[in-house]
4 protein chains.
Amino acid sequence: MNALRIGIIGAGRIGRLHANNLKSRVPGAELVAISDVHEPAAKEVAASLGIAACGDYHAILSDPAIDAVFICSSTNTHSPISIEAARAGKHIFCEKPIDHDLDKIKAVIDAVRASGVKYQIGFNRRFDRNFKRVHEIVKEGGVGDVHIVKVTSRDPEAPPLSYVKTSGGIFLDMAIHDFDMVRYLTGSEVVEVSAFGACLVDPEIGKAGDADTCAIMLRFENGALGVIDNSRQAVYGYDQRIEVFGSKGCITADNETANNTTLYTADAVTREKPLWFFLERYNDAYIAEARSFVEACLNDRETPVGVNDGLQPVLIGLAAKESCEKGGVPVKVAKKTCGG
Amino acid sequence: MNALRIGIIGAGRIGRLHANNLKSRVPGAELVAISDVHEPAAKEVAASLGIAACGDYHAILSDPAIDAVFICSSTNTHSPISIEAARAGKHIFCEKPIDHDLDKIKAVIDAVRASGVKYQIGFNRRFDRNFKRVHEIVKEGGVGDVHIVKVTSRDPEAPPLSYVKTSGGIFLDMAIHDFDMVRYLTGSEVVEVSAFGACLVDPEIGKAGDADTCAIMLRFENGALGVIDNSRQAVYGYDQRIEVFGSKGCITADNETANNTTLYTADAVTREKPLWFFLERYNDAYIAEARSFVEACLNDRETPVGVNDGLQPVLIGLAAKESCEKGGVPVKVAKKTCGG
Amino acid sequence: MNALRIGIIGAGRIGRLHANNLKSRVPGAELVAISDVHEPAAKEVAASLGIAACGDYHAILSDPAIDAVFICSSTNTHSPISIEAARAGKHIFCEKPIDHDLDKIKAVIDAVRASGVKYQIGFNRRFDRNFKRVHEIVKEGGVGDVHIVKVTSRDPEAPPLSYVKTSGGIFLDMAIHDFDMVRYLTGSEVVEVSAFGACLVDPEIGKAGDADTCAIMLRFENGALGVIDNSRQAVYGYDQRIEVFGSKGCITADNETANNTTLYTADAVTREKPLWFFLERYNDAYIAEARSFVEACLNDRETPVGVNDGLQPVLIGLAAKESCEKGGVPVKVAKKTCGG
Amino acid sequence: MNALRIGIIGAGRIGRLHANNLKSRVPGAELVAISDVHEPAAKEVAASLGIAACGDYHAILSDPAIDAVFICSSTNTHSPISIEAARAGKHIFCEKPIDHDLDKIKAVIDAVRASGVKYQIGFNRRFDRNFKRVHEIVKEGGVGDVHIVKVTSRDPEAPPLSYVKTSGGIFLDMAIHDFDMVRYLTGSEVVEVSAFGACLVDPEIGKAGDADTCAIMLRFENGALGVIDNSRQAVYGYDQRIEVFGSKGCITADNETANNTTLYTADAVTREKPLWFFLERYNDAYIAEARSFVEACLNDRETPVGVNDGLQPVLIGLAAKESCEKGGVPVKVAKKTCGG
């Protein structure tokens, strides 16, 4: 195979982002088609990129000239489309999460296993240049045995209330990225989690039964501890920092900014604010993850973030949600694995 | 009163530190005498500073020419000496903690109240230039309503095992400083605490029934959440950082270093490590707290860190210890106050 | 015109860089062909990008289907090819410098004027995100009237001696970028320059009559002063920093690094070194300058770095060279302009 | 000698600063008396510190109970009082400069030599923790052979015009500190200097025949080059940074701030401004230099900044002034030494 012919399912914000990257920034990728239930959205993207458009994603799944799909549709469709795509023999890149229901995730895993297609879950932050470097240093033993991992993860603004209501809640929608990150950084599984939630940003979020601010404690299989804090609204921009502390030292990664200038005036010394949100911050990370997927497909190698990496953060998220609902009581993370 | 005549009780590391500061760095202080159960230790300090020495602190308490005492003796003597000193009409600066036993603390509070002397507890970190600035910014509303407070607090090396065994444990010995810090920064009381402990630094600490690494979650009266992480051993030095995040922004304070140079070589870009331990890091803070105490006594003003500030962190520490022993179950902080 | 059809002349390092960028990163650009006097080099690039190749650049100049050329051949060919290209009606993007000979530059300017084609000189650093931001802040009055501009500009390693010998010397080859930068940052012309040179890196460079280390003082038309320092060898990587100081403040821009992690160990606190050289540091700047050129051509607007911007730094460089040869005597910069 | 009994001559800003430091912060120092031509000024200081006061400094010089003097009077009295003090057998700490007249400096050197007293010149910046560390790293070979030294040195506000007129000009009054610094950092003498001056801050300074902004190039005996920039007015505070670049790397030292907090808001990310001026920035350096002097006197060791260190920066300053007056022509620094 010289190029991986790709169809994108879902022409929303993240679908368009992948479309643009796949069109020009990912060697070996040949973007062929895009679908969206709202067909005009697909057509608009298709026109600007010179590819085909359709309203029904089955047209993509049934096209023998297409090798792989990017599933960028709404969360509740991830698992059924994943299963269909696997059965159609397409390699699959699926935006997170696979699903919030463990049975549905299990069904996806089974289908992927049965078909032998490649599967990558879109935990883009693993491909951030800073977090990747922290992961490497930890893996090389640069901080020795891991004792404490810390994640600060705050969005610049709360999503619409309509989104909040179907999101699965802050633990499964937002903190899930951080649960993936701590697994990635420590190389160890989370065995127990305790969470405090609060509604400090928007009372409507609280009325919808969700928290908008939370603190989370984690215990890992290897004995290490973790702390995460989340907020739906950091007015200064997307705040994404990590730290891994161990027996031989500590490594930190900071936010990214639009530039590194410093302005000194009679009033203040000012630096640039963090980049506003994930589209800016993780732009290069999205390209890097797409490249990894395409390379894995073309060279028949393991994808860097497989189905088990899709499953585990959901298990942690469910435990965190339960802990929070019970007022912070520690909850064991269910031991399930798909061995991959 | 032109000068406050001071006697120091205890000529150990912290007693000597206060002695040197009071001798030359604290306007209005007149250091008169020092005592230590091991009299030669007192004599050595006394000789170098040209003051009187004694083996029995009662000589200080009964000296009508002495206005105030600094209680720097072993922890278990803090409360009885405090009570005696109060009855003797001496103003009291007492190293933390007053005691770990609530009844004993209560007795101190009663004695202080009855005598009308000034009482200051040695939470030196409040006087660190960086943390003080964070406190000011938060108080001025610079970050709006507080949503999350974070404390990173790691010692460079574990204390001797003998010390660990009588210390009251990591929550009452080490984290107690952080419990004071979060009260100081948020201006709100802690109502609930949840703690995970681990023994990752030295198995002997675990055998002694203590943790050497911990993660702590807090819930405040005003609704805010907090996270603290502690380690008995950060090989790169004393790691003391804080962060307060709120509705209008976030403020952070970093470690202090011996100098701000940066060295660029073919191998690496290196900066100075954090200052090694509390004597280096909080040197100026110790001077500032002594100045505050002396000024309060001379001008008959409230001390900046009073008996209630000595009580509350113990209440939080006891709750954290209980939570950790119960595997992380959230524990309510006992509601006690001495109104001051 | 929907797309600008482009031919590249010269398939060396910088030619290949532009080829890759134009192929996939520059909207509106359609890369058509590449030439090189060493035809296999052109063919290799052409094969990887699916474009045409030739040994003689006249094939590109005479191709009516080509709208613009990127001149990336050796420095001594910049002016004759510029003239031929202008006469052939092609828009021109020319790597710096146009030439070191003022008459030859004049001839290029005349030819460009006569033909009415667009002309952009490749001062890529203007498109660096940090330097661009400094320029904007200064232009907006953020530092008030400019008093002092400082440039630190050091290469990671000296070029081959063969290159040094034909480079025109450190002032016309290396510092010329800094002369462009100070004009860009201050918005004022340099009227006088004084330079000290030294040979501290490699004695062979000195034997070839060139300096490898230099200090330069500048005086601007608006009264401001400037200082530049250059070295052919900074063992820690490409050191490119700027600072503009004025009546209302100061703005600085720092080096770029591969990531922003900080590692704390018992030995040291280490951060990433500056990016190694211009290909890494200015990667995005090369894309941005190509985009600017393509947009200017497609929309018939002024290019952001025109022929006069190619001329002035050469005038400063010649004055600096003369000053250095005379041991640091200040030399007036010749007043010549092409009004653009 | 157990303690060095000290008299201070001059009760202005710098005299009071030394008085306070010597009273309480310098072990081995015993401050005895202070004089000032304006006797009430001396009396005020004396009263607050419990020492003697006089209007005529001869009372100090003739007091056999006094071992050493700090000369903090106006610049034009430094050399005559130095000579008198040396003849009176007093060790001498003299604020910079000794004088601007080489013959007068020569006379001081002769008198000091003849009497055998200790002599230290008040180049306080050598004792700044950051600059001292840079000096150490360079001396240890941390940057290899020195190629380039850079000094940024800007005052927060211009002195009164009356001061400017008698100051000796920006090169002998302000840059003289930087000339000392480059000698200290490189360990090599300046052989040639070239300077551009400008009047950009206050036209009145220009009318008084002085510059308020300058750029300076230096050539060192060991072949290294240097650049210095000065301004009388940096509205954001005292800007004092240095950098030494060499064959094996580069080391930088930054400004000091009141604290290291960072505030993130919706508007900006702000850090503290540099400390306002020399009293704040070099507070600890003044203590350290006094300690060095007292230790040298008590232990009969060389002072760290001797008479030759007082002479050389004046020679460089005179050359810089001449260069500036001649429009930037390079001027050789006169080769004079007093071998100390």
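A quick note: this is a predicted structure, and the numbers were derived from the prediction, not measured.

Asks: Help me understand the relation of the copies chain D and chain A, please; the structure alone is not making it clear to me.
Replies: A rotation about an axis combined with a shift along that same axis relates the two copies of the chain. It takes a turn of 180 degrees to lay chain D on chain A, together with a shift of 0.0 Å along the axis; the resulting RMSD is 0.0 Å. Put plainly, the chains are arranged around a two-fold axis. Identified as the residue of chain D closest to the rotation axis by C-alpha distance is Thr270 of chain D, at 2.2 Å. An overlap of 100% is found between the interface residues of chain D and their copies at the interface of chain A, pointing to a shared contact surface.

Asks: How should the sheet that holds strand β3 (residues 52–54) of chain C be read in this particular structure?
Replies: All names here are of chain C. One open sheet holds the 6 strands; their spatial order is β3-β2-β1-β4-β5-β6, and the pairing between them is parallel. Only two strands of the sheet have a single neighbouring strand rather than two, namely β3 and β6 (119–121). The sheet shows a mean angle of 20 degrees between the axes of neighbouring strands, direction not considered.

Asks: Any chance you could explain the interface of chain D and chain A here in plain terms?
Replies: Where interface size is given, it is often the accessible area lost as the parts come together that is meant. The partner chain A presents 13 residues to the 13 residues of chain D that form the contact. Around 1100 Å² of area is buried between chain D and chain A when both sides are counted, 66% of it from carbon and sulfur atoms. Ranking the residues of chain D by area buried against chain A places Tyr264, Val269 and Lys273 of chain D at the top, with a combined share of 41%. The tally of links between chain D and chain A comes to 0 salt bridges. At the boundary of chain D with chain A, the tally comes to 4 residue pairs in polar contact (both at pLDDT 80 or more). Ranked by the residues each element gives to the side of chain D that touches chain A, the list is headed by strand β14 (residues 269–271) of chain D, at 3 residues. When grouped by side-chain class, the residues that make up the side of chain D that touches chain A number 7 nonpolar, 2 polar and 4 charged. Bridge analysis of strand β14 (residues 269–271) of chain A against β14 of chain D gives 3 bridges, and the strand direction is antiparallel. Bridging across to β14 of chain D, Thr270 of chain A finds its partner in Thr270 of chain D.

Asks: Sorry if this is basic, but what is going on with the sheet that holds strand β3 (residues 52–54) of chain D here?
Replies: Strand pairing in a sheet is mediated by backbone hydrogen bonds. Such pairs are either parallel or antiparallel. Residues and elements named next belong to chain D. With parallel pairing, 6 strands are arranged side by side in an open sheet as β3-β2-β1-β4-β5-β6. Each edge of the open sheet carries a strand with a single partner, namely β3 and β6 (119–121). Across this sheet, the average inter-strand angle for adjacent strands is 20 degrees, counted without regard to direction. Along the sheet, helix α1 (residues 13–24) makes contact with β1 (4–9), β2 (29–35), β4 (68–71) and β5 (91–94), crossing β1 at roughly 160 degrees.

Asks: What should I look at first to understand the environment of Ile66 of chain A in this one?
Replies: Residue and element names in this part refer to chain A. When you line up the elements, Ile66 lands in the loop between α3 (58–61) and β4 (68–71). The spatial distance from the C-alpha of Ile66 to the C-alpha of Arg271 is 47 Å, given a sequence separation of 205 residues. Apart from residues lying up to four places away in sequence, Ile66 is in contact with Arg5, Ile6, Gly7, Val32, Ala33, Ile60 and Lys90.

The rules behind these values
Residues numbered from 1 in each chain as written. Chains lettered and ligands numbered in written order. Predicted model: local features only at pLDDT ≥ 70, side-chain atom pairs only at ≥ 80, totals over all residues. Heavy atoms only, no water. Least-squares fit on C-alpha atoms with pLDDT ≥ 70 in both. Contact = heavy atoms within 4.5 Å. Pairing = 2+ DSSP bridges. Helix = DSSP H or I, 4+ residues; strand = E, 2+ residues; numbered from the N terminus. Axes fitted to C-alpha atoms, helices over the stretch in contact; angles between N-to-C directions. Buried area = accessible area lost by both parts, 1.4 Å probe. Salt bridge = Lys/Arg side-chain N within 4 Å of Asp/Glu carboxyl O. Polar contact = N/O pair within 3.5 Å; in protein donor to acceptor, adjacent residues only side chain to side chain. Nonpolar A, V, L, I, M, F, W, Y, C, P; charged D, E, K, R; others polar.

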